[in-house]
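# Commentary on secondary and tertiary structure
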Amino acid sequence: MTNDAREDAGAVIVAAGRSERMGGADKLWAPLTDGTGHTRPLLALSIAAFEACAAIDRIVLVVAPDVIESAEDLVREEEFSKVEAVIAGGARRQDSVRAGLEALEACAWVAVHDGARPLVTPDLIEHGLDAARETGASCCAVRVADTVKEEAGGYAARTLDRGHVWLAQTPQVFRYDLLLDAHQRCESDATDDASMLEALGVRVRLYEGSPRNLKVTTQEDLALVQALLEHA
């Protein structure tokens, strides 16, 4: 994105989950060590990518209510100057995103990112902003490499055309006003923000993500991220 064409952009980093599949450990605070030997919490890596992205002007961090103080300490220790607010999330992910949008206040563009994806890069964020300019909405995603089966009652019902199947990631980028309107109008549970826009008839541009941009949900995922960091 060229600087002369850039409008103000904010980010909502959602990190209010309960880490239910991590065996009691909070994945967002798991220590990760990069190839230089520098160790920092998983969440710090996610924030750092947005801090380093020239296209992002400000950040709102949404966390569980019981870790707000720890998150504020992290922001100070890491000197994340773009983080304007650390707020408590809601019962559902979409409640947390909406709270983040309201705390961010109006801007031209907003990138929404899961804090549990620590290997996001500034380039992926920039590409999302560029892709969103076509329709007002974009979604980072990767193409499916394996054969995809649709299941019915425990049996394979049919084989889907994998050429048309993508796995959604974050960041997902939107016109701020479009996303806020979608959150205000959506009453049912939504798996991600892009699906809210799809339900309103907005075309969401898919753009190529990265297999490295994985979401940590299990101890195995955490170990994989650590291995990727060591060999970056």
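Residues numbered from 1 in each chain as written. Predicted model: local features only at pLDDT ≥ 70, side-chain atom pairs only at ≥ 80, totals over all residues. Heavy atoms only, no water.

### Remarks on helix α4 (residues 122-132)
Along α4, the residues classified as buried are Leu124, Ile125, Glu126, Gly128, Leu129, Ala131 and Ala132. Buried residues belonging to α4 abut β1 (9-15), α1 (42-52), β6 (109-114), β7 (137-143), β10 (166-175) and β11 (205-208). (Buried < 20%, exposed > 50% of the residue type's maximum accessible area, 1.4 Å probe, protein only. Helix = DSSP H or I, 4+ residues; strand = E, 2+ residues; numbered from the N terminus. Contact = heavy atoms within 4.5 Å.)

### Side note on unusual backbone geometry
A cis amide bond, omega 15°, links Thr170 with the succeeding residue Pro171. Summarising the element assignment, Pro171 is placed in strand β10. Positive phi outside glycine occurs at Glu79, with the angle close to 55°. Structurally, Glu79 is set in the loop between α2 (68-78) and β5 (83-88). For Glu105, which is not a glycine, the phi torsion comes out positive at approximately 70°. Position of Glu105 relative to the elements: it lies in the loop between α3 (93-104) and β6.

### Quick notes on the environment of Gln226
With respect to the secondary-structure elements, Gln226 resides in helix α7 (residues 219-230). Its relative accessible area of 16% is what places Gln226 among the buried residues. The contacts of Gln226, once residues within four sequence positions are left out, are Pro31, Leu32 and Thr33.

### Description of the sheet that holds β11
Across the sheet, seven strands lie side by side as β5-β4-β1-β6-β10-β7-β11; this open sheet has mixed pairing. Of all strands in the sheet, those bounded by a partner on one side alone are β5 and β11. For this sheet, the mean angle separating the axes of adjacent strands, direction not counted, is 25°. With four bridges connecting them, β7 and β11 associate as parallel partners. Across the sheet, Cys139 pairs through a bridge with Leu206, a residue of β11. Across the face of the sheet, α3 comes into contact with β1, β4 (58-63), β5, β6 and β10 while running at roughly 145° to β1. Docked against the sheet, helix α5 (residues 176-185) engages β6 and β10, running at close to 110° with respect to β10. (Pairing = 2+ DSSP bridges. Axes fitted to C-alpha atoms, helices over the stretch in contact; angles between N-to-C directions.)

### Here's the deal with the pattern of salt bridges
Throughout the structure, instances matching the rule amount to 17 salt bridges. Across the salt bridge formed by Asp189 and Arg92, the nearest N and O atoms sit 2.7 Å from each other. A residue pair is termed long-range when its members are at least 10 positions apart, and Asp189 in the loop between α5 and α6 (193-199) and Arg92 in the loop between β5 and α3 qualify at 97 residues. When its relative accessible area of 63% is taken as the criterion, Asp189 is described as exposed. (Salt bridge = Lys/Arg side-chain N within 4 Å of Asp/Glu carboxyl O.)

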